[in-house]
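A structural walkthrough
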Amino acid sequence: MPYQERGHGRRGRSDRKHNGYHGGRNKHGVGDKAQEFLETTDTSSPVIKSFQQYASELDFKHDKFERIVKLSRDVTIESKRIIFLLHTLDRESKRDAILAEASSRLTQLVNTHFKAIAKELKGEDPYQYIKAYTAGLQEYVEAVTFRDYLMNNSLQSWTMIQQDLNYRNSDVPSEDESVATTEEKAIATCSASSNDEDGSFKTYVSPVDYILGVADLTGELMRKCINNLGSGNIEGCYQTCTFVREIYSGFLGVNCTGLKEMSRKLATLRQSLSKMEVACYTIHVRGSEIPKHMLADVISGTQGNFLEEDEGFY
């Protein structure tokens, strides 16, 4: 066969390929098949009705999840601002005013954002939505425990934090309950649990979120310890270091196997405690030869990797 004819044959096959010829069969697009299926489907079929109900339930849960995520984001932002406010408590003259403002803002969070989350969780399994607000909850626990330490030199318990986030049905205005459609109310009724049989509802605080929030607290206490050195409050540095050491002793009994976030925060806790212990050691050994206004600078220059792998955490 001449070269031109062979080339023409190849071009012919190529043309057929680019023109949509695939072995003599024309494939329908996915959209065409879906349209054909919808046109030929009997919408009164029990199977179709079941899947329509499943779709409505999933849409309802996804919308609720997104609303809780937005509320949690606002809680995180406000909690961080409260923590920054508490770090400005470096003078005794401003102590009462700052603690009062921080307490007021925390109460506002409880009465607004957390109440809104609690209303979203009413009649639901909280573990279905806990990932939506776990970040905000941990930040709130950190802010509350930090405030409580500055006020009372103590650690607020999990039960007390949970008690603050418990609400009664009488606390909810009746007009707030009229926003759901008939379909949404039916879905909520079907999925309701026995958690609100006594007329109460709550933002559930899981023990894991509380523990992780306390682990974050130790980082703020380490910063507070170093700030105390800058202001010459050496006794406060010793006191904070002892408090964090007691928290760490409690964490030694926590089984963090299989929880990656817990292992990571435990490592950070150990680093914070090590920095505080080195600071206290430096004060005890060289405190008499270093001016008080230079203690923070000297200790910051001596910080390094002082961790020793002797507790068996990995």
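Reading the values: rules and limits
- Residues numbered from 1 in each chain as written.
- Predicted model: local features only at pLDDT ≥ 70, side-chain atom pairs only at ≥ 80, totals over all residues.
- Heavy atoms only, no water.
- Helix = DSSP H or I, 4+ residues; strand = E, 2+ residues; numbered from the N terminus.
- Expected span 1.5 Å × (residues − 1).
- Buried < 20%, exposed > 50% of the residue type's maximum accessible area, 1.4 Å probe, protein only.
- Arc of directions from axis to C-beta.
- Patch = residues over 30% accessible without salt bridge, like charges linked within 9 Å, V, L, I, M, F, W, Y side chains within 5 Å.
- Areas by Shrake-Rupley, 256 points an atom, 1.4 Å probe, with all protein chains shown as cover.
- Salt bridge = Lys/Arg side-chain N within 4 Å of Asp/Glu carboxyl O.
- Core = buried A, V, L, I, M, F, W, Y, C linked by side-chain atoms within 4.5 Å.
- Domains from an automatic or database assignment.
- Contact = heavy atoms within 4.5 Å.
- UniProt positions renumbered as here; feature names shortened; annotations may be inferred.

Next up on the list: helix α10 (residues 234–251). Across its 18 residues, α10 extends 26 Å between first and last C-alpha, which sits within 8% of the 26 Å expected from 1.5 Å per residue. Along α10, the residues that are buried comprise G236, C237, T240, C241, F243, V244, I247, Y248 and F251. The buried side chains of α10 occupy one side of the element, clustering within an arc of 165° when seen end-on. Those residues of α10 that are exposed and aimed more than 90 degrees away from the buried face are E235 and E246.

What follows is about a nonpolar patch on the surface. A surface patch of nonpolar side chains, amounting to about 340 Å² of accessible area, comprises V47, F51 and Y54. Residue placement: Y54 occurs in helix α3 (residues 46–86). On the accessibility criterion, Y54 (44% relative accessible area) is partly exposed.

Bringing the nonpolar core into the picture now. L86, F114, Y133, Y140, L165, L221 and F251 are the most contacted members of the largest nonpolar core, which has 62 residues in total. Listing elements by their share of this core, those giving two or more residues are α3, α4 (95–111), α5 (113–121), α6 (130–152), α9 (207–230), α10 and α11 (260–286). When residues of this core are assigned to their parent elements, the largest contribution, 11 residues, is made by α6. Structurally, this core is a two-domain feature, drawing no fewer than three residues from each of domain 1 (52–170 + 201–205) and domain 2 (207–308). Not counting chain neighbours up to four residues away, the residues in contact with Y140 comprise V75, S79, L106, L109, V110, F114, I161 and L165.

Our next topic: the UniProt feature "binding site: Mg(2+)" (unreviewed entry) in the chain. Taking the numbering used here, the UniProt-annotated feature "binding site: Mg(2+)" (unreviewed entry) corresponds to E142 and E220. A maximum C-alpha distance of 8.5 Å among these annotated residues, which run over 79 residues, shows that they cluster at one spot. Residue classification places E142 among the buried positions, given a relative accessible area of 4%. Excluding residues within four positions of it along the chain, E142 makes contact with I83, G213, D216, L217 and E220. Within the secondary structure, E220 is located in helix α9.

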